[in-house]
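Chains, contacts and geometry: an overview
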Amino acid sequence: MYGMVNKAMEEMVIKTHGEGTWEKIKAKAGVDIEVFMSNEGYSDDITYNLVAAASELLQTPPGKILHGFGEHWILYTAQEGYGSLMEANGRTLPEFLSKLPDFHSRVAMIFPQLQPPRFECSEITEHSLNLHYFSHRQGLAEFLVGLMHGLGKMFKTPVTVRQTAAKAQGADHDVFEVTW
Ligand code: HEM
């Protein structure tokens, strides 16, 4: 993944637990990279190892770390660093979600080697939809739930998210029912 992902994780940990904890997490994860470059590619293993090390050191389940990271990604990384991209994708939560399928193609203009997830929306009603999440990566469902809650906070529209199909349990892909 692009370095901006690891960098965002670093920012989140430093903000909540300080520099010392981040250095310990990096050491435990076996990562000896001093500075992550936002627009350089890094092995996905680095990101997964950082999550696992954070989980151990902070005595927090990995899913909870990923959930928090999803919220942080929306509220800080995306809004502060890519505000205009976010604004262009919709002025309300339902509008933003309905345009999610095209979102990363615009991100790919900045990051050409991006290997983004793919999204589809179905069963769209006035207060809910089903979000289909396709990825070649594993284990990121809780990140997705955190992203949805981050969007809910960003649009000041409380959301509930319920996973109705899980790739980890043999489904073709993950499905989330998002209600607002
Ligand atoms: C301007 C805002 C955003 C930027 C710059 C961005 C960029 C990225 C980058 C760099 C990755 C790592 C993939 C790679 O490096 O190959 C990624 C992954 C991902 N993004 Fe975004 N993204 C943004 C907003 C969003 C939003 C709004 C959502 C959904 C609500 C989202 C969902 C995801 C997910 C689920 C992944 C995990 C990768 C996977 O499942 O394979 N992103 N994004």
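Structural data are supplied above this passage.
Calculation notes
- Numbering of residues begins from 1 in every chain and follows the order in which that chain's sequence is written.
- Local features in this predicted model are restricted to residues whose pLDDT is 70 or higher, and side-chain atom pairs enter the listing and the counts only when it is 80 or higher, whereas totals over whole chains, interfaces and linings include all residues.
- To obtain the side-chain values, all non-hydrogen atoms of the structure were used and water was disregarded.
- Summary of the distance rule: residues count as near a molecule or strand when at least one heavy atom falls within 4 Å of that molecule or strand.
- A 3.5 Å cut-off defines polar contacts: any pair of N or O atoms within that distance qualifies, except that in protein one atom must be a possible hydrogen donor and the other a possible acceptor, and neighbouring residues in sequence count only when both atoms are side-chain atoms.
- Grid points spaced at 1 Å over the protein atoms alone were grouped into cavities, where a 1.4 Å probe fits but cannot get out, and pockets, open sets with protein on both sides within 12 Å along at least five of seven lines, with lining residues defined by an atom within 4 Å of a point.
- A molecule is said to be in a cavity or pocket once over half of its atoms fall within 2 Å of that pocket's grid points.
- Helix and strand definitions follow DSSP, with helices as H or I runs of at least four residues and strands as E runs of at least two, each counted in order from the N terminus.
- Residue type decides the class: Asp, Glu, Lys and Arg count as charged, Ala, Val, Leu, Ile, Met, Phe, Trp, Tyr, Cys and Pro as nonpolar, and the leftover types, Gly among them, as polar.
- Counted as salt bridges are all cases of a side-chain nitrogen of Lys or Arg within 4 Å of a carboxyl oxygen of Asp or Glu.
- Accessible area is worked out with a 1.4 Å probe on protein chains only. A residue is then buried under 20% of its type maximum, exposed over 50%, and partly exposed in between.

Around the ligand, the surrounding shell holds 28 residues, and the nearest of these are Tyr2, His104, Tyr133, Ser135 and Arg137. Here an oxygen atom of the ligand and a backbone polar atom of Tyr2 are 2.8 Å apart. Between a nitrogen atom of the ligand and a side-chain N or O atom of His104, the distance comes to 3.0 Å. More than half of the atoms belonging to the ligand lie within 2 Å of the grid points that define the largest pocket. Mapped by element, the contributors of at least two residues to the shell around the ligand are helix 1 (3-17), helix 4 (62-81), helix 5 (83-88), helix 7 (100-110) and helix 8 (141-154). Looking at the shell around the ligand, the element that brings in the most residues is helix 8, giving 5 residues. Residue composition of the shell around the ligand, by class: 24 nonpolar, 3 polar and 1 charged.

We now examine the pattern of salt bridges. Where charged atoms of side chains with opposite charge meet at close range, the side chains can pair. Summed over the entire model, instances satisfying the criterion amount to 6 salt bridges. Residue Arg118 is joined to Glu120 by a salt bridge in which the shortest nitrogen-to-oxygen separation is 2.8 Å. Given the relative accessible area of 43%, Arg118 is considered partly exposed. Overall, the relative accessible area of 36% leaves Glu120 in the partly exposed class. Measuring nitrogen to oxygen at the nearest pair gives 3.2 Å for the salt bridge that ties Arg162 to Glu177. Pair noted here: Arg162 is in strand 3 (residues 160-165) and Glu177 is in strand 4 (residues 174-179), with a separation of 15 residues, a long-range link.

Treat this as a map of the structure, not an account of what it does.
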